[in-house]
Amino acid sequence: MKIKPNSPLKVKLSYAPDEHLISAWIRHNFRCGFAHFPFGTCLNYWGLPLQHIKAQRVSGSVINKIINSTSDGEHEKRTVLLNRTNLSLWQLSHDDISDSKELDKLMPRANIENSEFQFKTTWHICSECVKEDKKNLGYSFWHSSHQLASVTHCLKHHQPLKTHELLNKIDKLALPHSYLDLNLDEYQNCEDLVKWSEFVIKVNSSLISGKITPEQVKVEIQNHLKLPNLAKQKYKEKYQKMTDSMFSAIGDKLTNHLFKKVDGKNRNVIWRLFSGRGKQKHIISPIYWLVVMYWLKDELNI
């Protein structure tokens, strides 16, 4: 069988509950009989560039092409991206996520993200979900909630997620069961990371449903901390002490899971978010907002 390159496509993907967009796209390619073709041939068929597909990317030419080929209208595209990727969390960082091309320009490169954070940005697997999905559906799939940035646990099975350096990217048509024979790395099974995962998944759902809005959260944080719209440079150390208090409150295990230190010091998260100083070349990762929200979750009633 010879695949005609760049064929005009308009298809509808079928989704399992909590299935990631890329997972549904992979399964569609299996149904088309492409399982044994080189990955580059499959990408060429869809008119996609030869790019690696990363779990944390929510925009770019690959995602944009797939979503345009499988969704009708801007509302449906937005709905799929919010529910089937981790785009929803980026609402905390950017006022308008409707323009995916513009968002792609503003998002930091993967190497910049990796320089700031300790957690793995690879694709993640719950081995119990794989077994259950294969039994109930006949196939495994990549779960959207498992790919949310910094999440470490499957809440359904209360199990640490697993990953591998080969899962830094998807460069072949493969579903989670294909990787179970590898010596997978597993996150530490501790209460602090479980609670964090629960919180991130809850915030993601609340943003999708509209139960909370980014504007509301930011105003409430600023008011609670009594922060001005523009901070004087001389108060930067004060913001650092506030940030240090935040990290002390959430504990070392979670702090060390999230952020890499700068010259032995905690990143000045609150200054970066609320000082109003310095032009940002890229939008700030939602992890910055999430950690402050987690610290103040009782005060903000999240």
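Use the structure listed above.
Report follows, based on the coordinates. Going along each chain's sequence as written, the residues are numbered from 1 onward. In view of the model being predicted, local features appear only for residues whose pLDDT reaches at least 70, and side-chain atom pairs are presented and counted only at 80 or more, with totals across whole chains, interfaces and linings using the full set of residues. Here the side-chain values reflect all heavy atoms present in the structure, with hydrogen atoms and water set aside.

Only DSSP runs of H or I reaching four residues or more are called helices, and only runs of E reaching two or more are called strands; each is numbered from the N terminus. Within the secondary structure, T85 sits in the loop between α4 (73-84) and α5 (100-106). Judged by its relative accessible area of 3%, T85 is buried. Nitrogen and oxygen atoms within 3.5 Å of one another constitute a polar contact, given that in protein one can donate a hydrogen and the other can accept it, and given that sequence-neighbouring residues count only through two side-chain atoms. Within polar-contact distance, the side chain of T85 engages the backbone oxygen of L81 at 2.5 Å. Within the local environment of T85, its side chain forms a polar contact with the backbone nitrogen of L87, the two atoms lying 3.1 Å apart. Whether two residues are in contact is decided by their heavy atoms: any pair within 4.5 Å suffices. Dropping the residues within four chain positions of it, T85 is found in contact with H20, L21, V58, V80 and S144. Any residue under 20% of the maximum accessible area for its type is buried, any over 50% is exposed, and the rest in between are partly exposed; the area is computed with a 1.4 Å probe on protein chains only.

Time to look at the nonpolar core. Soluble globular proteins tend to bury their nonpolar side chains together. The biggest cluster of nonpolar side chains holds 51 residues, and the ones touching the most others in it are V291 and M293. Elements with a contribution of two residues or more to this core: α8 (191-209), α9 (214-225), α10 (236-250), α11 (252-258), α12 (269-274) and α13 (286-295). Tallying contributions element by element places α13 first for this core, with eight residues. Setting aside residues no more than four positions away along its own chain, V291 makes contact with W196, M246, F247, I250, L258, F259 and V269. Nine residue types can take part in a nonpolar core, namely buried Ala, Val, Leu, Ile, Met, Phe, Trp, Tyr and Cys, and a core is a set of them joined through side-chain atoms within 4.5 Å. Counting 39 residues, the second-largest nonpolar core is a separate cluster that includes I22, C42, I63 and I67.

Let us look at the packing of aromatic side chains. The geometry of an aromatic ring pair comes down to the distance between the two centres and the angle between the two planes. Here is the rule: rings of Phe, Tyr and Trp (six-membered ring for Trp) pair when centre to centre is within 6.5 Å. Planes less than 30 degrees apart are stacked, more than 60 are edge-to-face, and the remainder are tilted. A full pass over the atoms with the stated rule returns 17 aromatic pairs. Measuring from centroid to centroid gives 6.4 Å for W25 and F39, while their planes differ by 80 degrees, and the two rings are edge-to-face. Here W25, found in helix α1 (residues 21-31), pairs with F39, found in helix α2 (residues 39-45); they are 14 residues apart in sequence, far enough to count as distant. On the basis of relative accessible area, F39 is assigned to the buried category, the value being 13%. Ring centres of Y239 and W271 lie 5.2 Å apart, and the angle between their planes is 90 degrees; on these two criteria the pair is classed as edge-to-face. Residue Y239 is located in helix α10, and its partner W271 is located in helix α12; the two are separated by 32 residues in the primary sequence. Put simply, the rings of F117, F119, F247, F259 and Y288 pair up and form one aromatic cluster. Over the face of the ring belonging to W289 we find K218, whose NZ or CZ atom lies 4.8 Å from the ring centre. We count a charge as sitting over a ring when the NZ of a lysine or the CZ of an arginine lies within 6 Å of the ring centre and within 35 degrees of the ring normal. Sitting over the ring of Y294, K297 keeps its end group 4.1 Å from the ring centre.

Our next topic: the environment of N64. Inspection of the secondary structure assignment puts N64 in helix α3 (residues 61-70). Spatially, the C-alpha atoms of N64 and D104 are 9.8 Å apart, while their sequence positions differ by 40 residues.

Shape is all these values report; function is a separate question.
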